[in-house]
Amino acid sequence: MRRRWSLVILVCIAILLTSCGSGSTPEKPKETSTASPAAATASVDKNTYPVFPDPDAGADPAVSAEQGGKGFKGEGWETNTDFDFVGDPRAIKGGLYRDAILDFPGTLRMAGPEANSQLNATIMSMTYETLLGMHPATLKYMPSLATHWQISPDKMTFRFRIDPNARFSDGTPVTSDDVVASWKLMTDKTLQDPGNLEVFGKYETPVAESKYIVHVKSKELGWQKFDIFANGLRIFPSSILKNMDGAAYIRDYQFKLLPGTGPYIVKPEDVIKSKSLSLRRRPDYWAAKYRANAGLYNFDEIRYVVVRDYNLIFEMFKKGELDAYNVNRSKTWVEELNYDRFQNGSLVKTKVFNSFPANLQFMAFNTRRKPWDDIRMRKAITLLFDRQKLIEKLFFKEYYPINSFFPGTIYENPDNPKNLYNPQEALKLLADAGWKDRDAQGRLTKGGQTLQLELMYRDKGSETFLTVFQEDLGKVGITLNLRLVSPETQFKMEMQRQFDFVSAGWVAGSVFPIPGPEYKSTLADQLNTNNISGFKDPHVDQLCDEYDKTFDVQKRVEILRQLDSILSNQYHYVMEWYAPAERFAYWNKFGMPKGTLSNLGDFYGSLGPSIPQLWWIDPQKEAKLKEAMANPSIKMESGPVEDHYWQEYAKSHS
């Protein structure tokens, strides 16, 4: 399942190396960062950091070892105690990290209508935890809320042993009942979340065998079934959920959060609707001393302020009012990040090449409405979108055209149409669809009506290329009306299907593709799902089911390539372009591990550890930055612009 909107990043073949697995993990290179001397005394030997410190400290004495309580040894269970650091243990806690967002989400709920946003995904990753984690470099499972797990021989039943030390932010112990209650919320029809119902509804009701042991059985065989439940279900407190259904959750938690087990908390006073939101680091986080969290979650406060204009965000960043800037415009990257602050190293620009799963940037038709239910119409508009001209003339050749629903991955079907600009072919298709007459102004008509479509978009900066598209359509007699709306309005109208044509994008919501919630026919006519175009195809439904049941990696690749071909040849999306790396700039006061981001991290840290989870304020750099700000002749070290650490890592760990 994908989340709403982000720039696109290239994915490496390395993400296919593992499916449901555990065990030892190959280590990263010994050197993990250039840390401040203030943290030099911290050990970089992972074996000095226990995986399960004080394992029985929080155990209920009434629960036996056999039931997962005090004295539990894990015989007959799987776990992973050989993983390397994700963060840098020499990181320093404290300080404030400031970032900007274009819009305030329509809700802060973690599920239900309008919950599927980029910011909510980031908040969820910082405030709620899953039963297991996944190492971003190796994709091996790591303990999280559960210390151990079992997979039945038929791969249909999964057992988990809850860590007796795990606690919610209100101090409540985490138990098996919380797992059961969280699943029930995700599958409650009154939650109005068909995507979650599609995913989690394929399990039978979980069973709490004891306070600390829970099992769940999948209704059908599938290679992702263990992963989705272990690494996809966020755990909420049953003490609250037992008194509410999905409808009550929607009503009562629109802009407040249930207690979570994660390292951060969002307090009611830190939510200023339409203006800002802050996450605050919990001093009482239950897993702070676990090896999995060494060097992670360092900022005391992470503050997001709403700034509804990219240009203003950039100006605030240059003034030092924001700490980092996600560079989503190639002109800014090429021409505007070379002034004196960058030259003396006070500001740093970087491109990170890692394995963050590729995203989609596109314009989607609403095929529930005429004439966009006609494939000839959709293909014609696609052939009138001159991507190559835009990439070369406007985007400084910084992007690659998207020709797949899985761009930059081994799932991409090489035989997909490339959709080069072809107005002659487009006019033939339009004529076949009945649009062959013209009025006095030269506009295409059918039955006396002119051919026009309205494109809804949320970013005024997109007008740079949308007006070119508008002009190209006008040349052949098609009227494109551009409709700028707020990001909140666009997202709501997408989910409610109130559009003809919309400029949109999806950021990856999981490490491996989960195509069902995006493209299955059963979700085409339901509100609040990612199937915004209304895609229906029985062969796609069949392939989604086959993909779910296929354990062989190469066969899954073949299935997704078939799926990719069908999706691409139905022209529900007018595909745009993607960048091969994550581009951003920041003030040179931060420490960070090698690689800048994790292997699965984007700028926001919604899928894998990134700036909010990995970085810290380096006191020496911060002091040097203050000197450089006062004296421009002072030079700061900034390193190379391009960071290929994770590409090199993939080669050495192939």
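Note that the structure is a prediction, hence the values are computed from the model and not measured. All residue numbers here refer to positions counted from 1 along the written sequence of the relevant chain. pLDDT decides what is reported in this predicted model: residues at 70 or higher carry local features, side-chain atom pairs at 80 or more are listed and counted, and totals for whole chains, interfaces and linings draw on all residues regardless. Water and hydrogen atoms were dropped before computing side-chain values, which therefore reflect all heavy atoms in the structure.

Q: When you look at the sheet that holds strand 28 (residues 642–643) in this model, what are you seeing that I'm missing?
A: Strand pairs in the sheet, formed through backbone hydrogen bonds, run parallel or antiparallel to each other. The criterion for strand pairing is that DSSP finds at least two bridges linking the strands in question. Counting from the N terminus, the helices are the DSSP runs of H or I reaching at least four residues and the strands are the DSSP runs of E reaching at least two. Judged by pairing direction, the sheet is mixed, and its four strands sit side by side in the order 13-25-14-28 without closing on themselves. Each of the sheet's edge strands pairs with one partner strand only, and the pair in question is strand 13 (324–326) and strand 28. One ladder, built from six bridges, connects strand 14 (residues 347–352) with strand 25 (residues 582–587); its direction is antiparallel. Each residue of the ladder has a partner; that of T350, found in strand 25, is F584.

Q: Honestly, the environment of P538 in this entry has me stumped. Any pointers?
A: Position of P538 among the secondary structure elements: in helix 16 (residues 538–549). Sequence separation between P538 and K520 is 18 residues, and the spatial gap between their C-alpha atoms is 8.4 Å.

Q: Honestly, the pattern of salt bridges in this entry has me stumped. Any pointers?
A: Close approach of charged atoms lets side chains of opposite charge pair. We define a salt bridge as a contact between a side-chain nitrogen of Lys or Arg and a carboxyl oxygen of Asp or Glu at a distance within 4 Å. Within this structure, the stated rule accounts for 36 salt bridges. Here D88 and R90 are joined by a salt bridge, their closest N and O atoms 3.2 Å apart. Here D88 and R90 have matching classes, each one buried. Between E198 and K520 there is a salt bridge, with its nearest N and O atoms 3.7 Å apart. In this pair, E198 is assigned in helix 3 (residues 194–200) and K520 in the loop between helix 15 (516–519) and helix 16, connecting sequence segments 322 residues apart. For the pair E198 and K520, one class covers both residues: buried. Through salt bridges that share partners, E198, K202, E220, K225, K520, D545 and D548 make up one connected network. For the exposure calls, accessible area comes from a 1.4 Å probe over protein chains only, and a residue counts as buried if that area is under 20% of its type's maximum, exposed if over 50%, partly exposed in between.

Q: What should I look at first to understand the environment of K242 in this one?
A: As for its placement among the helices and strands, K242 is situated in the loop between helix 5 (238–241) and helix 6 (246–252). Between the alpha carbons of K242 and A57 there is a distance of 27 Å; along the sequence they are 185 residues apart.

Q: Sorry if this is basic, but what is going on with unusual backbone geometry here?
A: Peptide bonds are trans in most cases, and residues, glycine excluded, mostly fall at negative phi. Of note, the amide linkage connecting K370 to P371 takes the cis form, showing an omega dihedral of 0°. Even without a glycine there, the phi angle at D54 is positive, about 45°. At Y571, a position not held by glycine, the phi torsion is positive, near 55°.

Q: What am I meant to see in helix 13 (residues 463–475) here?
A: Owing to its 3.6 residues per turn, the α-helix brings residues three or four apart onto one side. Multiplying 1.5 Å by the residue count of a helix minus one yields the expected span of that helix. Taking 1.5 Å per residue as the helical rise, helix 13 with its 13 residues ought to reach 18 Å, and the 18 Å between its terminal C-alpha atoms agrees with that figure. All of the buried residues in helix 13 are F465, L466, V468, F469, D472 and L473. In a view along the axis of helix 13, the buried residues occupy a sector of 155°, so they form one face of it. Looking one or two places after helix 13, you find G477, whose phi comes out positive at around 100°. This arc is taken over the directions from the axis of the helix to the C-beta atoms.

Q: What am I meant to see in the sheet that holds strand 17 (residues 437–438) here?
A: Read from one edge to the other, the open sheet built from three strands follows the order 17-18-19, with strand pairing classed as antiparallel. Single-partner strands in this sheet number two, and they are strand 17 and strand 19 (449–450). Of the pairings in the sheet, the one linking strand 17 to strand 18 (residues 444–446) comprises two bridges and is antiparallel in character. Its bridge partner lying in strand 18, D437 is registered against T445.

Q: Whenever I open this one, the nonpolar core confuses me. Can you help?
A: The nonpolar side chains of a soluble globular protein tend to be buried with one another. Side-chain atoms within 4.5 Å link the members of a nonpolar core, which is a set of buried Ala, Val, Leu, Ile, Met, Phe, Trp, Tyr and Cys residues. In terms of nonpolar packing, the biggest core is built from 124 residues, with F160, F229, F362, I532, Y573 and W615 touching the most fellow members. If near-sequence neighbours (up to four positions away) are discounted, F362 is found in contact with V502, S503, A504, G505, W506, I532, Y573, V574, M575 and E576. Membership of the second largest hydrophobic core comes to 35 residues, among which are M363, W372, V468 and L473. Any pair of residues with heavy atoms lying within 4.5 Å of one another is described as a contacting pair.

Q: Is there a simple way to think about the packing of aromatic side chains in this case?
A: Each aromatic ring pair is specified by the distance between its two centres and by the angle formed by the two planes. A pair of Phe, Tyr and Trp rings is counted when the ring centres sit within 6.5 Å of each other, with Trp represented by its six-membered ring. The angle between the planes then sorts it: under 30 degrees is stacked, over 60 is edge-to-face, the rest tilted. Scanning the model with the defined rule gives 45 aromatic pairs in all. Both rings, one in F104 and one in F255, keep their centres 6.1 Å apart while their planes meet at 35°; by these two values the pair is tilted. Here the residue F104 occupies a position in the loop between strand 2 (96–101) and helix 1 (118–127), and F255 occupies one in the loop between helix 6 and strand 9 (264–265), the gap between them amounting to 151 residues. A relative accessible area of 25% means that F255 is categorised as partly exposed. Where F317 meets W587, the ring centres are 6.2 Å apart and the plane angle is 55°; that geometry is what we call tilted. With F317 in helix 7 (residues 310–319) and W587 in strand 25, this pair connects stretches of sequence that are 270 residues apart. These aromatic residues form a ring-pair network of at least three members: Y97, F299, F584, Y586, F590, F603, Y604 and W615. In this scheme, Lys NZ or Arg CZ marks a charge over a ring once it lies within 6 Å of the ring centre and within 35 degrees of the ring normal. Against the face of F314 rests K318, its NZ or CZ located 4.6 Å from the ring centre.

By themselves, these observations are geometric and do not establish any function.
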